[in-house]
Amino acid sequence: MKKIFVALCMVAFLAACDDSSSASAENSEPAALSSAEKQGSSSSSRHCEECNDEAISSDSNAESNGSSSSSSSEKLSESSSSSADKIESSSNSEFLATPCKTETEDNCEYGTLLDERDGQEYKTVKIGDQVWMAENLNYAYTGVPYKYGSLREGSFTSDSTSWCYDNDPANCDTYGRLYTWAAAMDSVGKWSTNGKGCGYYDTTCSPTYPVRGICPEGWHLPDITEWNALFTAVGGRSTAGMVLKSTSGWYNSSNGSDAFGFSALSAGFGGYSGLFSNEGYSASFWSSTERSIRYAKDMYLYHSDDGADLGDSDKNKVFSVRCLRD
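Residues numbered from 1 in each chain as written. Predicted model: local features only at pLDDT ≥ 70, side-chain atom pairs only at ≥ 80, totals over all residues. Heavy atoms only, no water.

Draft legend 1. Summary view of helix α5 (residues 237-244). Taken residue by residue, α5 has Ala 240, Gly 241, Val 243 and Leu 244 as its buried positions. Summarising the contacts, the buried residues of α5 are in contact with α4 (224-233) and β12 (295-302). (Buried < 20%, exposed > 50% of the residue type's maximum accessible area, 1.4 Å probe, protein only. Helix = DSSP H or I, 4+ residues; strand = E, 2+ residues; numbered from the N terminus. Contact = heavy atoms within 4.5 Å.)

Draft legend 2. Examining the side chain of Ser 320 more closely. Its location among the elements puts Ser 320 in the loop between β13 (309-314) and β14 (324-325). Look at Ser 320 and you get buried, because its relative accessible area is 1%. With residues up to four places along the chain from it excluded, the contact list for Ser 320 reads Asn 136, Arg 177, Leu 178, Ala 267, Ser 284, Phe 285 and Trp 286.

Draft legend 3. Up close: unusual backbone geometry. Cis geometry marks the peptide bond from Tyr 209 to Pro 210; its omega dihedral reads 0 degrees. Tracing the backbone shows Pro 210 in the loop between α3 (181-184) and β8 (219-220). In this structure, Asp 186 is a non-glycine residue whose phi angle is positive, near 55 degrees. Looking at where Asp 186 falls in the secondary structure, it is placed in the loop between α3 and β8. The buried category is assigned to Asp 186, whose relative accessible area is 0%.

Draft legend 4. Broad picture of the sheet that holds β13. Here three strands make up an open sheet; going across it, the order is β11-β12-β13 and the pairing antiparallel. Every interior strand has two partners, whereas the edge strands, β11 (282-290) and β13, have only one. Across the sheet, the mean angle from the axis of one strand to that of its neighbour is 40 degrees, orientation sign disregarded. The sheet strands contacting α4 are β11, β12 and β13, and the helix crosses β11 at an angle near 135 degrees. (Pairing = 2+ DSSP bridges. Axes fitted to C-alpha atoms, helices over the stretch in contact; angles between N-to-C directions.)

Draft legend 5. Spatial organisation of the state of the cysteines. For the coordinates displayed, the defined rule picks out four disulfides. For Cys 164, the disulfide goes to Cys 172, at an S-S distance of 2.0 Å. Taking the sign of the S-S torsion, -105 degrees for the link of Cys 164 and Cys 172, the bridge is left-handed. A disulfide bridge connects Cys 198 with Cys 205, and the sulfur atoms are separated by 2.1 Å. Residues Cys 198 and Cys 205 are joined by a disulfide whose S-S torsion is about 100 degrees; by sign, that bridge is right-handed. Numbered by order of appearance in the sequence, the disulfide-linked cysteines of the protein pair as 1-2, 3-4, 5-6, 7-8. (Disulfide = S-S within 2.5 Å.)

Draft legend 6. Just the nonpolar core, in detail. Grouped together as the largest cluster of nonpolar side chains are 28 residues, with contacts concentrated most on Ile 127 and Phe 262. Counting only elements with at least two residues in this core, the list comes to β2 (120-127), α4, α5, β11 and β12. Per-element tally for this core: the top contributor is α4, with five residues. Counting 25 residues, the second-largest nonpolar core is a separate cluster that includes Tyr 139, Trp 181, Ala 184 and Met 185. (Core = buried A, V, L, I, M, F, W, Y, C linked by side-chain atoms within 4.5 Å.)

Draft legend 7. Spatial organisation of a negative patch on the surface. Together, Asp 166, Asp 168, Asp 173 and Glu 279 line one region of the surface with negative charge. In this structure, Glu 279 sits in the loop between β10 (276-277) and β11. (Patch = residues over 30% accessible without salt bridge, like charges linked within 9 Å, V, L, I, M, F, W, Y side chains within 5 Å. Areas by Shrake-Rupley, 256 points an atom, 1.4 Å probe, with all protein chains shown as cover. Salt bridge = Lys/Arg side-chain N within 4 Å of Asp/Glu carboxyl O. Lys, Arg positive; Asp, Glu negative; His and termini not counted. Charge placed at Lys NZ, Arg CZ, Asp CG, Glu CD.)

Draft legend 8. Quick look at the pairing of strand β3 (residues 130-133). As judged from the four bridges shared by β2 and β3, these two strands associate in the antiparallel manner. In the strand pairing of β3, Ile 127 is matched with Gln 130. Connecting β2 to the antiparallel partner β3 that follows it, the hairpin turn spans two residues, and Gly 128 within it adopts a positive phi of roughly 65 degrees.

Draft legend 9. View of α4. Buried residues dominate α4, accounting for 10 of its 10 residues. Trailing α4 by a residue or two, Gly 235 shows a phi angle of about 110 degrees, which is positive.

Draft legend 10. Representation of the packing of α4 against α5 in the model. Axis separation between α4 and α5 bottoms out at 8 Å; the angle between their running directions is 80 degrees. When the interaxial angle is binned, α4 and α5 end up roughly perpendicular. Residues Asn 228, Leu 230 and Phe 231 of α4 form the contact with α5, whose own contacting residues are Arg 237, Ala 240 and Leu 244. Counted by class, the contact of α4 with α5 contains four nonpolar, one polar and one charged residues. (Parallel < 35°, antiparallel > 145°, perpendicular 65-115°, else oblique. Nonpolar A, V, L, I, M, F, W, Y, C, P; charged D, E, K, R; others polar.)

Draft legend 11. Layout of the packing of aromatic side chains. Applying the stated criterion across every chain yields a total of 11 aromatic pairs. Judged by centre distance (5.4 Å) and plane angle (55 degrees), the ring pair of Tyr 165 and Phe 276 falls under tilted. Taken together, the residues span a long stretch of sequence, with Tyr 165 in the loop between β6 (162-163) and α2 (169-175) and Phe 276 in strand β10 at a distance of 111 residues. Given the relative accessible area of 6%, Tyr 165 is considered buried. (Phe/Tyr/Trp six-rings, centres within 6.5 Å; stacked < 30°, edge-to-face > 60°.)

Keep in mind that these numbers describe shape and distance, not what the molecule does.
Written out as structure tokens, the structure is:
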């Protein structure tokens with residue numbers, strides 16, 4: 001009888017073991033995955049800490065080895081990122097300016113700007129939430145020597161930094177003056193220190209925005225974010241050229257509608273050695289945004305293009321200036 005009882009106990013024990021083994025098998029895969037995930041998480045965290053230490057060490061070495069050369073690209077990246085954020089915000093705004101000018105009516109909101117430095121008056125226009133000069137600046141700025149290749153032998157120099165197209169005073173009456181980027185930024189700090197040191201190939205600069213530059217008091221040289229805000233207000237960059245260009249003066253009658261009263265004239269530009277080009281074909285306006293040690297951003301319109309663009313141009317070219325109210 002005792003032997004039979006032991007046998008029955010053994011059978012019950014083996015059956016219980018089979019049930020337990022089966023249950024363990026059903027749960028083994030999730031348990032293994034959970035363990036692996038935990039191990040991976042712990043490993044990942046450890047490697048992140050090691051990578052951060054290496055990155056900090058690498059950044060420190062890079063800073064000590066190349067601090068002088070890093071500023072331009074880093075500032076450009078930061079500026080581009082910041083500008084992109086602002087542009088996206090502006091693009092998502094519900095506000096768009098309403099066209100105010102047609103062939104028969106002009107209902108734009110105009111004003112007058114008096115430049116007390118020389119007594120000249122300029123027409124202004126409100127577009128969206130910005131107030132722009134509706135004419136190109138014509139202030140005869142001196143005091144910043146014009147340099148081309150200032151570190152090279154035989155570099156071209158002049159004691160002027162603003163010109164009339166083709167050196168003809170009548171063109172200043174029509175188009176305003178053309179300026180180097182150094183003059184547009186007021187690189188000697190004659191009117192403010194916000195753009196001081198900006199201009200030549202020899203150095204990059206750290207402007208404080210807004211940059212008054214060569215503009216009258218209470219006005220400033222627009223940066224690329226502000227140019228993009230203008231494009232957004234007039235319906236987008238792809239058609240901005242058509243609605244910003246003047247209704248006359250463009251090659252082969254490729255005039256604009258001037259639907260917002262901006263009246264961009266085809267003033268052309270000047271080159272490195274006093275040569276002028278593109279009257280009737282294009283208009284270029286400086287921005288206060290530096291691209292690199294050699295280039296700055298400009299707003300560009302072309303006779304055969306309905307759009308507008310932001311280009312990278314040599315700082316020693318001479319372009320038009322439109323000021324924006326602070």
